[in-house]
Amino acid sequence: MKDLTQGHEGRLIIKFALPLVVGNMLQQTYNIVDSIIVGRVLGKEAIAAVGASFPVIYTLIAFTIGIGSGASVVVSQYFGAREYEKVKRATSTIFIFLFFASIIVTLVSILFSRQIFEMLNIESHVSPLAIKYFNIYMSGMVAFFGFNGISSVLRGMGDSMTPLWFMLIATVSNILLDLLFVLVFNWGIEGVAWATVIAHVIPFILGAIYLTRRHQFISFHPRKMCFDRSLFKQSMRIGLPTGFQQTFVAFGMTALLRIVTNFDTSVLAAYTIAGRIDSLAGMPALNLSSALSSFVGQNLGAGRIDRIKKGFWASLYMSWGISLLVMTVVFIWGEHLIAAFNRDPMVIKYGTDYLHIISSFYIIYSSMFITHGVLRGAGDTIVPMFVSLISLWIVRIPLALYLSPIMGVDGIWWSIPIGWTIGYVLTQLYYLSGRWKRKAITRKQQPNVIQE
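Just so you know, these numbers come straight off a predicted model, no measurement behind them.

A. Main features of the overall build of the protein chain. The helix and strand tally for the protein chain stands at 15 helices and zero strands. When each of the 452 residues of the protein chain is scored for burial, the buried share is 60%. Considering only contacts within the protein chain whose residues lie at least 6 apart along the sequence, 85% involve residues at least 24 apart. Within the structure as shown, the protein chain displays about 18,700 Å² of accessible surface, and the carbon and sulfur contribution to it stands at 65%.

B. Spatial organisation of empty space enclosed by the protein. Inspection of the entire model under this criterion finds three cavities of 30 Å³ or more. Here the second largest cavity is characterised by a volume of approximately 70 Å³. Considering the residues around the second largest cavity, the lining is formed by Ala281, Gly282, Pro284, Ala285, Ser319, Ile322, Ser323, Tyr362, Tyr365 and Ser366. For the lining of the second largest cavity, the secondary-structure elements that each account for two or more residues are helix H10 (265–301), helix H11 (308–339) and helix H13 (362–377). Ranked by the residues each element gives to the lining of the second largest cavity, the list is headed by H10, at four residues. Of the residues that constitute the lining of the second largest cavity, the class distribution is six nonpolar, four polar and no charged.

C. Representation of the confidence of the model for the protein chain in the model. Of all residues in the protein chain, 89% attain a pLDDT of 70 or more, and the chain-wide mean is 83. Per-residue pLDDT stays below 50 along residues 1–6; that stretch engages in 14 contacts with residues further than four places along the chain or on separate chains. In this model residues 445–452 is a low-confidence stretch, pLDDT under 50, and it forms 21 contacts with partners more than four residues away in sequence or in other chains.

D. Summary view of the nonpolar core. Formed by 108 residues in total, the largest nonpolar core has its most connected members in Ile61, Phe117 and Trp413. Looking at this core element by element, the count peaks at 17 residues for helix H2 (residues 44–80). If we skip the residues at most four places from it in the chain, phenylalanine 117 touches Ala52, Ser53, Val56, Ile122, Ser127, Ala130, Ile131 and Phe134. Within the second largest apolar cluster, 19 residues are counted, among which are Leu316, Met318, Ala378 and Val383.

E. Quick look at helix H12 (residues 345–359). If you check H12, its first and last C-alpha atoms are 21 Å apart, about what 15 residues at 1.5 Å a residue would give, namely 21 Å. All buried positions along H12 are accounted for by Val347, Ile348, Tyr350, Gly351, Thr352, Tyr354, Leu355, Ile357, Ile358 and Ser359.

F. Structural context of the side chain of threonine 93. In this fold, threonine 93 is placed in helix H3 (residues 84–111). Once residues lying within four places of it in the same chain are set aside, the contact partners of threonine 93 are Cys226, Phe227, Asp228 and Phe232.

The rules behind each value
- Residues numbered from 1 in each chain as written.
- Predicted model: local features only at pLDDT ≥ 70, side-chain atom pairs only at ≥ 80, totals over all residues.
- Heavy atoms only, no water.
- Helix = DSSP H or I, 4+ residues; strand = E, 2+ residues; numbered from the N terminus.
- Buried < 20%, exposed > 50% of the residue type's maximum accessible area, 1.4 Å probe, protein only.
- Contact = heavy atoms within 4.5 Å.
- Areas by Shrake-Rupley, 256 points an atom, 1.4 Å probe, with all protein chains shown as cover.
- 1 Å grid on protein atoms, 1.4 Å probe; cavity = no way out; pocket = protein on both sides within 12 Å on 5 of 7 lines; lining within 4 Å.
- Points joined across faces, edges and corners; volume = space filled by probe spheres on them.
- Nonpolar A, V, L, I, M, F, W, Y, C, P; charged D, E, K, R; others polar.
- pLDDT = per-residue confidence, 0-100.
- Core = buried A, V, L, I, M, F, W, Y, C linked by side-chain atoms within 4.5 Å.
- Expected span 1.5 Å × (residues − 1).

What follows is the structure, given as structure tokens:
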């Protein structure tokens, strides 16, 4: 079979994906540095607190991020169709939405933080640390949403290099501030949280200045921004299913965390550490999926349906190769990777078991997300939403509840890849049906050429 990764479509996918991969690797790098500093300097209770905070944070931001992704699809399709005035109005609309959404999320999360962590049944010596970290982290949501909105819009227009440079600045800032606040100022877990908040603020300010001065489609001046209801409705039509999907995923993570907290702090710490490594390992597939969405959206907008299948297979081949490499690394050095964060023997054991079980299914995981990338790029986000609902709430969570009393912690770990497998089968069946091709919001009859 022809090596599609060497063809025109493969090169375009790489062009979209490589900055995404590097950018998100940088983001994961400072998350990992956070965890290493917390685990090695502040102990397993502190890293368990950070781990308990993450699913809650994701739950609170998931719906808004999903709506934002819908706007990104709208931008990419209008950009592919060269309807630039609509691109400008769509970007303005999404930034207005993200600003007000961030204010609401911040207020709700801080007001109800104590009640949220009480529901999770976290051990009494971990819960106060989690609440401190969570409240500080959520105070930076305006900058977090703002920078993610800037990145999504630029990527929808095919510019994935600019967000990469800002992410590099954020990563370096976060690492340096972590070292300063924790090792020099001895601020503890609060220092880790403040370092992350400031690392969100810096690229957001730089990104806003850059776009206002340099880009014709975006301005952050209040008098030049407008809220277009019709374009927002299009974004909602595409983004609502993705928002609900992200929310289902987030609630699923929180429900799984609630099952994990039935065990001791070592298990929660191992779950946090292994989850950081697992997120880094899964990042290439997620980024290829995101790049493929932009590729599909622009080619549907330009009438180039013939290229989508080739781009899909090129992305699959690349993701399979990366998955095999990562799986090999995890199997050989998994124990050492966990030990780099915390040297508690039980934390190392539980974390290594997690990585060995999960990594065996990375190819299935990456295949599922690559297929989702095609569907989202076409604006067909209903099916991925229902697939996530089924794989999480009908498969993963019930299995974790059933298997954990029988198999112990390993029962929770096994529920995750089994859910992936069911999700992949359902998604692939829908892709093969071809119904997603009918979902484009705009399509030209005569193809335009998307330049490399």
